Amino acid sequence: MEDQGFILASYVAAFGAAALMAWRVARRGRELARQLPEEDKPWT
Amino acid sequence: MSTWRTALLIAMKDLRVEARSRIVLVQVLPFAGLVMVLFAFALDSDTVLERVSPGLIWMATVFSLLIVVQRSFGVETADGALDALRVAGVRASGIFVGKAIALAAQLLALEVLLTVLAVVLYRAELDADGLVLFVTTVLVATCGLAFVGTLYGGLAAGAKGRETLLPLLLFPVVAPVLIGATRATEAALGASGAATSEGWPWVALLVVFAALFGAGGTLAFGSLIEE
Amino acid sequence: MTAVTAGASESTTTASVRGATGTGTTFTRWLGAATLVALGALAVLGLVVSPADVVQGESVRILYIHVGTVWVAYVAFIVTALSSAAYLWKRTTSLTWDRIAGASAEIGVVFMAVTLFAGALWGRLSWGAFWVWDARVTTTAFLFITYIGYLAVRDLGGSHRQRARRSAVVALLAVLEIPLVHFSVKLWRSVHQDASVGDRTSDVTLDGLMLFTLMLALGAFTLLYAWWLLHRQRVLAMRDALDDKGLDRALAERRTEGVQS
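Everything quoted here is computed from the prediction, not taken from an experiment.

Novice: If you had to explain the packing of helix α2 (residues 23–43) of chain B against helix α3 (residues 46–78) of chain B to someone new, which residues and values would you point to?
Specialist: All names here are of chain B. Packing of α2 against α3 brings their axes to within 9 Å, and their N-to-C directions diverge by 145°. By crossing handedness, the relation of α2 to α3 is classed as right-handed. Within the contact between the two elements, α2 uses Ile23, Val24, Val28, Phe31, Ala32, Val35, Met36, Phe39, Ala40 and Leu43 and α3 uses Leu49, Val52, Leu56, Ile57, Met59, Ala60, Phe63, Ser64, Ile67, Val68 and Arg71. Residues that form the contact of α2 with α3 fall into these classes: 19 nonpolar, one polar and one charged.

Structure representation (structure tokens):
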């Protein structure tokens, strides 16, 4: 039982951190992009 | 003015400031002594204390290093002295070596006290055999600590909210010194059944550490203190 | 940086409206999709489809996460070190190197935290101990703390160039320090004859589907790292641009004040 709990916890930690960070960077990107004109975004 | 001459002047300046203010003497040495006493309260066993006394000496040294470094740079930032030196064209490498020398001198005084306390409070035993090893260890480890202390102290000096950065940066970096100096001291004191000959590889590690950060610090110090 | 915008060229007309809303481009969208697929496959294979180990049992499943994240964390920190060196090498280089270094370090720290967490869980299941004082584990923890310190240095304030220079130096000093820490811990533990219980993860041999799953983990997390780095680096670039604009505006205000008085 301890086995399964730990295994799941490690996957949740990894995927959870990934999802959280992805959401945060995407949101921040949108917030900042709203405030800047096009020339400051050379990737578009 | 050569870098070496600059360094000596700065070292003398720092030591003179300490001689007049006596902050290290009156505040830091008692702090170090107190740390040694508190270890005894926490560890509560004569055999354990004697066994770990080398580690405690160097732990207390590292804690005190923090305070001495902050004092060393507090003196500079109080009136913008460091910036004034830079603006006056003083070579950063000279400032680095000079402050490291002064720091090392103060650390050495500290370590003498800590060793005496370890012998008195923890009943550590220092015999003639291990004396050469012990003195060498103390000298080399102190150089290493002085170099990294000056380097990161310069970075953490100045603006508000920076002093708290110093432990975070410094403690991981001094880990090799803590490990090496403690193992070498164990060998010198014969604690944990270590033979004196086992200590010398550790001294070699300490030499490498001091050399790397002496060189690295001399090169990097200027970039870190620039405002 | 032009290489990564190449994928955007075919849809620039529509992207100029879409792209304006965030840090995404056609390339990063494809990258993101690939990452999701890979991570999904990893979850399925890692948790369900791949077999348990003969010796280790089910706990080997944690290794897919642990090894995958530690690999990427190391890659991230190497990228930080190289970018820092690149920034210092020719000072006229743009701050992009500095931002890549910073973004990569942030990502590395997160991956490293997951590594240490998963590693502790695995160690507990396999060997009964959450932690072990061997060279690799201890050095990994030190790396983690050191880069947290690096991130703190980046937040010290001052101009962008000061930040870049300072943190680049700190990153390179960290590169100097890590082998020292590793070597001293290794020497230390060998004195205690603990070297034999040291390299625990290498005791496991994987083949067949298990090896494939491990490779999949490495690939999936690497894709995640790349996707994340691109986005985060662009966010940092915008943040710096906003800082500059704020400064420009403040300067302009000062000047008009001067004219009026």
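This is not the end of the story, as more comes after the structure.
Novice: Outline a nonpolar patch on the surface, listing residues and values.
Specialist: Residue and element names in this part refer to chain B. Together, Val112, Val116, Val119, Val120, Leu121, Leu126, Leu131, Val135 and Leu139 make up an exposed nonpolar region whose accessible area comes to about 720 Å². Those elements that provide at least two residues to the nonpolar patch are α5 (92–121) and α6 (128–156). The greatest single-element share of the nonpolar patch, amounting to five residues, is contributed by α5. Looking at the secondary structure, you find Leu131 in helix α6.

Novice: Describe α2 of chain B, and please don't skip the residues or the numbers.
Specialist: All names here are of chain B. The terminal C-alpha atoms of α2 lie 29 Å apart, and with 21 residues this matches the ideal 30 Å at 1.5 Å per residue to within 8%. Buried within α2 are the following residues: Val24, Val28, Leu29, Ala32, Gly33, Val35, Met36 and Phe39. Turning to α2, the residues buried within the fold contact α1 (3–21), α3 and α5. At the exit of α2 stands Asp44, carrying a positive phi of roughly 50°.

Novice: Tell me about the interface of chain A and chain C, residues and numbers included.
Specialist: Every contact between the two is made by 30 residues of chain A and, on the other side, 42 residues of chain C. Carbon and sulfur atoms make up 80% of the surface buried where chain A meets chain C, a total of about 3,100 Å² over both sides. Applying the counting rule to chain A against chain C returns zero salt bridges. Our count for the chain A to chain C interface comes out at one residue pair in polar contact (both at pLDDT 80 or more). Counted by class, the side of chain A that touches chain C contains 19 nonpolar, four polar and seven charged residues.

Novice: Which residues make up a negative patch on the surface, and what values do they have?
Specialist: Residues and elements named next belong to chain B. Together, Glu50, Glu125, Asp127 and Asp129 give the surface a local cluster of negative charge. Structurally, Asp129 is set in helix α6. For Asp129, a relative accessible area of 60% translates into the label exposed.

About the criteria used
Residues numbered from 1 in each chain as written. Chains lettered and ligands numbered in written order. Predicted model: local features only at pLDDT ≥ 70, side-chain atom pairs only at ≥ 80, totals over all residues. Heavy atoms only, no water. Axes fitted to C-alpha atoms, helices over the stretch in contact; angles between N-to-C directions. Helix = DSSP H or I, 4+ residues; strand = E, 2+ residues; numbered from the N terminus. Left-handed = near helix turned anticlockwise from the far one by under 90°. Contact = heavy atoms within 4.5 Å. Nonpolar A, V, L, I, M, F, W, Y, C, P; charged D, E, K, R; others polar. Patch = residues over 30% accessible without salt bridge, like charges linked within 9 Å, V, L, I, M, F, W, Y side chains within 5 Å. Areas by Shrake-Rupley, 256 points an atom, 1.4 Å probe, with all protein chains shown as cover. Salt bridge = Lys/Arg side-chain N within 4 Å of Asp/Glu carboxyl O. Expected span 1.5 Å × (residues − 1). Buried < 20%, exposed > 50% of the residue type's maximum accessible area, 1.4 Å probe, protein only. Buried area = accessible area lost by both parts, 1.4 Å probe. Polar contact = N/O pair within 3.5 Å; in protein donor to acceptor, adjacent residues only side chain to side chain. Lys, Arg positive; Asp, Glu negative; His and termini not counted. Charge placed at Lys NZ, Arg CZ, Asp CG, Glu CD.

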